[in-house]
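# A look at the structure
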Amino acid sequence: EAGVTQFPSHSVIEKGQTVTLRCDPISGHDNLYWYRRVMGKEIKFLLHFVKESKQDESGMPNNRFLAERTGGTYSTLKVQPAELEDSGVYFCASSRRDRGDNSPLHFGNGTRLTVT
Amino acid sequence: AQSVTQLGSHVSVSEGALVLLRCNYSSSVPPYLFWYVQYPNQGLQLLLKYTSAATLVKGINGFEAEFKKSETSFHLTKPSAHMSDAAEYFCAVSVGWNNNDMRFGAGTRLTVKP
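First things first, this report covers the structure right here in the doc. Keep in mind that what you see is a predicted model, and the values were worked out from it rather than measured.

What counts and how
- Throughout this document, residue positions are counted from 1 along each chain, in the order its sequence is written.
- Naming scheme: in the order in which they are written, chains are lettered from A and ligands are numbered from 1.
- Local features in this predicted model are restricted to residues of pLDDT 70 or higher, and side-chain atom pairs are both shown and tallied only at a pLDDT of 80 or more, whereas totals for entire chains, interfaces and linings draw on every residue.
- Side-chain calculation: all heavy atoms of the structure are included, whereas hydrogens and water are not.
- A helix here means a DSSP run of H or I that spans at least four residues, while a strand means a run of E at least two residues long, and both kinds are numbered starting from the N terminus.
- Every residue pair with non-hydrogen atoms within 4.5 Å of one another is taken to be in contact.
- Summed over both partners, buried area is the accessible surface (1.4 Å probe) that two parts give up on being assembled.
- When a carboxyl oxygen of Asp or Glu lies within 4 Å of a side-chain nitrogen of Lys or Arg, that pair is called a salt bridge.
- Here a polar contact means two N or O atoms within 3.5 Å. Within protein one must be a hydrogen donor candidate and the other an acceptor candidate, and residues neighboring in sequence count only if both atoms are side-chain atoms.
- Ten residues, namely Ala, Val, Leu, Ile, Met, Phe, Trp, Tyr, Cys and Pro, are considered nonpolar, four, namely Asp, Glu, Lys and Arg, are considered charged, and the remaining ones, Gly among them, are considered polar.
- Among the buried residues, those of types Ala, Val, Leu, Ile, Met, Phe, Trp, Tyr and Cys that are joined through side-chain atoms within 4.5 Å form a nonpolar core.
- Burial classes: relative accessible area under 20% of the type maximum marks a residue as buried, over 50% as exposed, and values in between as partly exposed (1.4 Å probe, protein chains only).
- For two strands to count as paired, DSSP must find a minimum of two bridges between them.
- When two cysteine sulfur atoms lie within 2.5 Å, the pair is treated as a disulfide.

### Details of unusual backbone geometry
In this structure, the amide linkage connecting F7 of chain A to the following residue, P8 of chain A, adopts the cis form with an omega of -5°. Within the element layout of this structure, P8 of chain A appears in the loop between β1 (5-7) and β2 (10-13). Its identity as a non-glycine residue notwithstanding, K51 of chain A has a phi of 55°, on the positive side. Of note, K51 of chain A is situated in the loop between β5 (43-50) and β6 (53-56). In this model, T72 of chain B sits at a positive phi of 45°, which is unusual for a non-glycine residue. Within the fold, T72 of chain B resides in the loop between β7 (64-68) and β8 (73-78).

Here it is as structure tokens:
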């Protein structure tokens, strides 16, 4: 099966610009997560979709970040306007929704965002 | 809320030596614990997970980890390091069955010297 794919792999933008990151989860995975890792620190949870619904967006830093998952397939994460502190690696992960199985997360390779 | 602390952001071992990467957790309820590995330019891959069955968990590539409740630890070990083990390793904890509450440590970068 194809893994989780993220696009682009790298993005360099100037402060104030807009960037949209995309994540294609594994087919059939209802759970989709966005995480961010800033410069060698821990990987922090941003939000969680179950199909097209936002289950938990408690980790979103502020209202400059907007995530969508229309149709419950791929997801986008838009940062508008970008600030310097938004730089980091953004990971997407997906998993099946099996109760009691604690289905493992499958991660994409990440998008490295640099805001200058 | 649950959390993990990884002791040592960098660990260096010689090829063939024991690998020991430390992780301590904090959780008010019985946790699920995980180790993930990230090779350069790749995503995180699951090495192993503890889900309240056996306390000694065996994973891929010869790694294993032991859940010690009394020490709130879940250290990752491998008897003999291989050059291909060089990567960054992340410990993670969750308390929910569907992982939406998973929290990661800051990572430990393992270097293997020839």
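### What to know about the interface of chain A and chain B
Between chain A and chain B, the residue contacts involve 24 residues of the former and 25 residues of the latter. At the boundary of chain A with chain B, total buried surface from both sides reaches about 1900 Å², with 51% on carbon and sulfur atoms. Counting every contact that joins chain A to chain B gives one salt bridge. A salt bridge links R37 of chain A to E88 of chain B, with the nearest nitrogen and oxygen atoms 2.8 Å apart. Summed over the shared surface of chain A and chain B, the number is three residue pairs in polar contact (both at pLDDT 80 or more). Among the elements of the structure, β4 (31-37), β5 and β6 of chain A are those that each provide at least two residues to the side of chain A that touches chain B. Across the side of chain A that touches chain B, the residue classes tally to eight nonpolar, eight polar and eight charged.

### Some details on the nonpolar core
In this structure, W35, L47, L48, F74, L76 and Y89 of chain B are the most contacted members of the largest nonpolar core, which totals 27 residues. Taken together, the elements giving at least two residues each to this core come down to β2 (10-14), β3 (19-26), β4 (32-38), β5 (44-50), β7, β8, β9 (87-94) and β11 (108-113) of chain B. When sequence neighbours within four positions are dropped, the list of residues in contact with L48 of chain B reads L33, F34, W35, V57, K58, G59, F63, E64, A65, F74 and L76 of chain B. Judged by nonpolar contacts, the second largest core, of 21 residues, contains V4, L47, F65 and Y90 of chain A.

### Comments concerning the pairing of β6 of chain A
Residues and elements named next belong to chain A. Pairing of β5 with β6, which is carried by three bridges, proceeds in the antiparallel orientation. Residue H48 lies in a different strand from β6, and its bridge partner there is D56. With antiparallel pairing between neighbouring strands as the criterion, β5 and β6 make up a hairpin whose turn holds two residues, including K51 at a positive phi of roughly 55°.

### Concerning the state of the cysteines
All names here are of chain A. In total, this model carries two disulfides over all chains according to the counting rule given. For C23, the disulfide goes to C92, at an S-S distance of 1.8 Å. Taking the sign of the S-S torsion, about -65° here, the bridge from C23 to C92 comes out left-handed. Pair noted here: C23 is in strand β3 (residues 19-24) and C92 is in strand β9 (residues 88-95), with a separation of 69 residues, a long-range link. The pair formed by C23 and C92 is uniform in burial state, with each residue classed as buried.

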